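# Notes for the structure review
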Amino acid sequence: MTSELEIGLYIFMLAGFLGYHIISRVPPLLHTPLMSATNAISGISLIGSLVIAGANYDPLSNWFGFIAVACSSTNVVGGFLITDRMLKMFKKEEESRAERPHFQFNPKLLLAFPVLVIVFLLVVYWFREAGAGTHASMVEAISSRALSYAYILSAALFIMGLKGLSSPKYARKGMFLAEFGMLMAIAGTLFHHEIVTYRWIVGGLLIGTVVGGGMGLRIPMTAVPQRTALSHSLGALAATLVGVSEYLRHAGQLGGVKMTTIGLEVVIGGLTFTGSLMAAGKLQELLPGAPMTYKGQNVSNITLLVSIVALAIFLIFNPSATWLFLLMVGLALLFGFLLVLPIGAADMPVVIALLNSYAGLADASMGFVLMNKIQIITGSLDGTSGFLLSILMCRAMNRSATNVLFGAFGKIEKEEAGAEGEAKGSVRTITPEETAVLFETARSVVIVPGYGMAVAQAQHGVSELAKVLIKRGVNVKYAIHPVAGRMPGHMNVLLAEANVPYDQLYDMEQINPYFPQADVALVVGANDVTNPAAKNNKSSPLYGMPILDVERAQSIIVLKRSMRPGFAGVDNELYYDPKCMMMFGDARESLNRLFAAMKT
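Residues numbered from 1 in each chain as written. Predicted model: local features only at pLDDT ≥ 70, side-chain atom pairs only at ≥ 80, totals over all residues. Heavy atoms only, no water.

Inspection of the entire model under this criterion finds two cavities of 30 Å³ or more. Volume-wise, the second largest cavity comes out at about 30 Å³. Forming the boundary of the second largest cavity are Ser42, Ser45, Gly235, Ala236, Ala359 and Asp363. If you list the elements that add at least two residues to the lining of the second largest cavity, you get α10 (224–250) and α14 (348–370). Partitioning the lining of the second largest cavity into residue classes produces two nonpolar, three polar and one charged. (1 Å grid on protein atoms, 1.4 Å probe; cavity = no way out; pocket = protein on both sides within 12 Å on 5 of 7 lines; lining within 4 Å. Points joined across faces, edges and corners; volume = space filled by probe spheres on them. Helix = DSSP H or I, 4+ residues; strand = E, 2+ residues; numbered from the N terminus. Nonpolar A, V, L, I, M, F, W, Y, C, P; charged D, E, K, R; others polar.)

Turning next to the nonpolar core. As a rule of thumb, soluble globular proteins bury nonpolar side chains together. If you look at the biggest cluster of nonpolar residues, it comprises 134 residues, and the most contacted ones within it are Leu165, Phe325, Ile447, Leu465 and Tyr478. When sequence neighbours within four positions are dropped, the list of residues in contact with Leu465 reads Phe439, Leu522, Leu591, Leu594, Phe595 and Met598. Core analysis: the next-biggest nonpolar cluster, separate from the first, contains 33 residues, Met508, Ala534, Leu542 and Met545 among them. (Core = buried A, V, L, I, M, F, W, Y, C linked by side-chain atoms within 4.5 Å. Buried < 20%, exposed > 50% of the residue type's maximum accessible area, 1.4 Å probe, protein only. Contact = heavy atoms within 4.5 Å.)

Now for the packing of aromatic side chains. Going through the model one piece at a time under the given rule, you end up with five aromatic pairs. With 5.1 Å between their ring centres and 65 degrees between their planes, Trp63 and Trp200 make a pair best called edge-to-face. Of this pair, Trp63 sits in helix α4 (residues 59–87) while Trp200 sits in helix α9 (residues 199–218), placing them 137 residues apart in sequence. With relative accessibility at 16%, the residue Trp200 sits in the buried group. Three or more aromatic residues joined by ring pairs form one cluster here, namely Trp63, Phe66 and Trp200. It is Arg249 that lies over the ring of Tyr57; its NZ or CZ is 3.5 Å from the centre. The ring of Tyr514 has Lys477 sitting right over it, with the charged end atom 4.2 Å from the ring centre. (Phe/Tyr/Trp six-rings, centres within 6.5 Å; stacked < 30°, edge-to-face > 60°. Lys NZ or Arg CZ within 6 Å of the ring centre and 35° of its normal.)

Below, the structure written as structure tokens:
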């Protein structure tokens, strides 16, 4: 006979294999919506949270379940709302000119999520009360069958939803299927035989919907990386609380397999929770973006990790040692904090992707603890998504994940960078009036956006400039580097928000051969991804990193606040190229002055 664990492992591997083939076909254009969508789907941890909150095991479990329900429903509602906001911005040029259809799905309808669930709760309650007594066994059989079918349908809808992200044309329809799948999974869980009370469930759903709805509808696109990191932390916290609740409830009666899965759940969930909070703090600039290192840091971190693993192994054979279990959870929380502390802002695309993978693994571990197949499937899909994106980001920077996590990239002295820059030659400047004259004779322009554009909120100005040039007959293209921003695909979302048609966006491999034909390359806030030192200077920390071949354009204009180095902490050799001209100042203000000059 095949055990439940073996079936779960088969499902985990098959879901990961299927997820790899589906997610690897998602274009870089949609990597940010992909991460947001998998975050929303990983909110399936709500299923386990509902059972813990509604089973009425003990007061502590109820509280843990209540908090987990609030965290998970925040991810579900907020994740799907902001994903839909992003996807509806992606349009081709002809679509942006066409009139909108009379009917469109309004994502705000997701705010009715708790109302639908509460109505369904009343139906389930009536169903159970009506079937009490002589028909109790029949009601339980029907409930179990309804739960199984709901989970099967949900799994299929989640996979179809992610498949829709292979093209902007079908992405929103795919997400609608995923949203319906989530509703089916939650509705089916309410038939779970262990749920006997709904007051904790209702309270958690209402709080999560309000918080998630506010985040999904109001957070600006420039803050999507922070919101994503916060979403990872909430999902990981829910998994950790459910794991702790299950341990405290069965501490003296846990077998080796169950203890192993609980250990994985709380360790991965704990380090993801604090690590994601650290990442969100750095992205929001509440914490310094530069790497924060100290002597013996890697040795102490590895020692801490070995200690956590040793405790987990000991608990497998001695599960009743409660104080050691709580110590393991505390060390996991500390490890997540120390893991992200030395990682600089330059590496945030990789960190966000890795945390996405960790959150998925924590969710899958919860599925093994509760032997819930739908959670194993979605956790595997989420983990695969984050793992693939982290590999892509590492390749885009020509670095390994080990180097990202332990290399303290960007930790160099500013004085040395400045002295090195002074020896490279003079820098040419250009005024908005001179730039307007240069654009008058240009026939082809490549715009290179970077995170500086996002900080200055200049994406709308860039879009308006492109429209003016296109009206004059200029061929305009956008060059998007995979790590230009704080998370995979972030630049694509910001430009889509400014109504830039996605068929004008080109990734690095597509646009690099075109640079020699470009009359002007306009660089807006991009630094490290345009630095020729990555190809020419073996002593540079950027050496070997694939970059945009901006230096091959006929003329180069850079909009930048100052000569301050980028996230990597090294001077950009491009700025000393005789073809390069610098327009210093806030990018949005510089574009406004350029518009005024072009009108006159």
